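# Fold and contact review
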Amino acid sequence: MTEPRYPLLSLSRLRMGTDGAGVTTLIAGAGCPLSCRWCINKQLLREGRATPVTAAELVEKLRIDDLYFRATGGGVCFGGGESLLHAPFLRAFRAAAPADWRVTLETSLAVPEESVRLGAENADFFIVDCKDMDPSVYRRYTGGDGALMEANLRLLLRLVGRSRIRVRVPLIPGFNSPEGQAASARALLAMGFSQQELDLFSYVIREDPSHSTESR
Ligand code: SF4
């Protein structure tokens, strides 16, 4: 079997308070099954611009911050693109990395069920970008299948429990409304999450989507 490789775009070191507990290195990878209208990473996501790395090679690149990770309970966060497109790589990474590096995945869950199961076995924490719980809004904004995301979110909740998940619930200009955002939050509460696991915020759209931001 060939060794899985991760399409590495960039590393962003010494982050605090955005990608999980402690000092974190954000690992950006190429590839995403969705086409979100306001995606800030579109130009970065093409696989051609990425550098394929093995798990051992990536661990070596990250080791420079080992002391920070251990001292703060931090580690790494695999961010977008879609981290779970690379689920077999994540298993190899978990095996190659020091056991006390915390592994966080940012994911839209727009992936096959099997990838969610593999991710659940090999990561400590999940930041799930649900977009909107209304499948018609989800379809319009992402081009993807909201029913798949919801089924995978229910599965992840069963597999790891709500304390290891944070769900991002955005107000998306031109696609949902404050009422729609509140309806998504209610749907997530009904699913079994509590308010403290939900992160409600707004996309702030600039003319050039790559400069768009978020506000809370
Ligand atoms: S899921 Fe994230 S990376 Fe993928 S298209 Fe949407 S915003 Fe971009």
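Scroll up for the structure.
Residues numbered from 1 in each chain as written. Predicted model: local features only at pLDDT ≥ 70, side-chain atom pairs only at ≥ 80, totals over all residues.

### Comments concerning the site of the ligand
In the vicinity of the ligand, the contacting residues are C32, L34, S35, C36, C39, N41, G80, G81, E82 and S108. Tallied by class, residues from the shell around the ligand come to 4 nonpolar, 5 polar and 1 charged. (Near = placed C-beta within 6 Å. Nonpolar A, V, L, I, M, F, W, Y, C, P; charged D, E, K, R; others polar.)

### Observations concerning the nonpolar core
For soluble globular proteins, nonpolar side chains are generally found buried alongside one another. Formed by 54 residues in total, the largest nonpolar core has its most connected members in V76, L90, F93, L109, V128, C130 and L153. With 5 residues, the top contributor of residues to this core is helix α3 (residues 87-96). Discounting residues that sit within four places of it in the chain, F93 has contacts with A55 and L58. (Core = buried A, V, L, I, M, F, W, Y, C linked by C-beta atoms within 7 Å. Buried ≥ 20, exposed ≤ 12 C-beta atoms within 10 Å, placed from the backbone. Helix = DSSP H or I, 4+ residues; strand = E, 2+ residues; numbered from the N terminus. Contact = placed C-beta atoms within 7 Å.)

### Points about helix α4 (residues 113-122)
Taken residue by residue, α4 has S115, V116, L118 and G119 as its buried positions. Take α4 and look down its axis: the buried residues cluster within an arc of 165°, on one side only. Considering only its buried residues, α4 is in contact with α3, β5 (102-107) and α6 (146-160). (Arc of directions from axis to C-beta.)

### What to know about α6
End to end, α6 covers 21 Å across 15 residues, agreeing with the expected 21 Å (1.5 Å per residue, within 8%). Among the residues of α6, G146, M149, N152, L153, L156 and L157 are the ones counted as buried. An end-on view of α6 places all buried positions within 140° of arc, on one side of the element. Away from its buried face, by an angle of more than 90 degrees, α6 presents the exposed residues A147 and R158. Each element contacted by the buried residues of α6 is listed here: α4, β6 (125-129), α5 (135-142), β7 (165-171) and α7 (178-191). (Expected span 1.5 Å × (residues − 1).)

### Topic: the environment of L148
Tracing the backbone through its elements, the reader meets L148 in helix α6. Classification of L148 as partly exposed rests on a count of 18 C-beta atoms within 10 Å. For the pair L148 and P112, spaced 36 residues apart in the sequence, the C-alpha separation amounts to 8.2 Å.

### Overview of the pairing of strand β8 (residues 198-204)
Note: β7 against β8, 5 bridges, orientation parallel. If you follow P170 over to β8, its bridge partner there is F201. For the crossover that starts at β7, traverses α7 and ends in the parallel β8, the hand is right-handed. (Pairing = 2+ DSSP bridges. Right-handed = clockwise from strand over helix to strand, strands pointing away.)

### Some words on unusual backbone geometry
At L14, a residue that is not glycine, the phi angle is positive and equals roughly 60°. By secondary structure assignment, the location of L14 is in strand β1 (residues 6-16). Even without glycine at this site, L109 takes up a positive phi of about 65°. Here L109 lies in the loop between β5 and α4. For L109, a count of 26 C-beta atoms within 10 Å puts it in the buried group.

### Points about the pairing of β7
In this sheet, β7 lies alongside β6 in parallel orientation, the contact comprising 4 bridges. What sits directly across from F126, in β7, is I165.

All quantities given are derived from atomic positions and should not be read as evidence of function.
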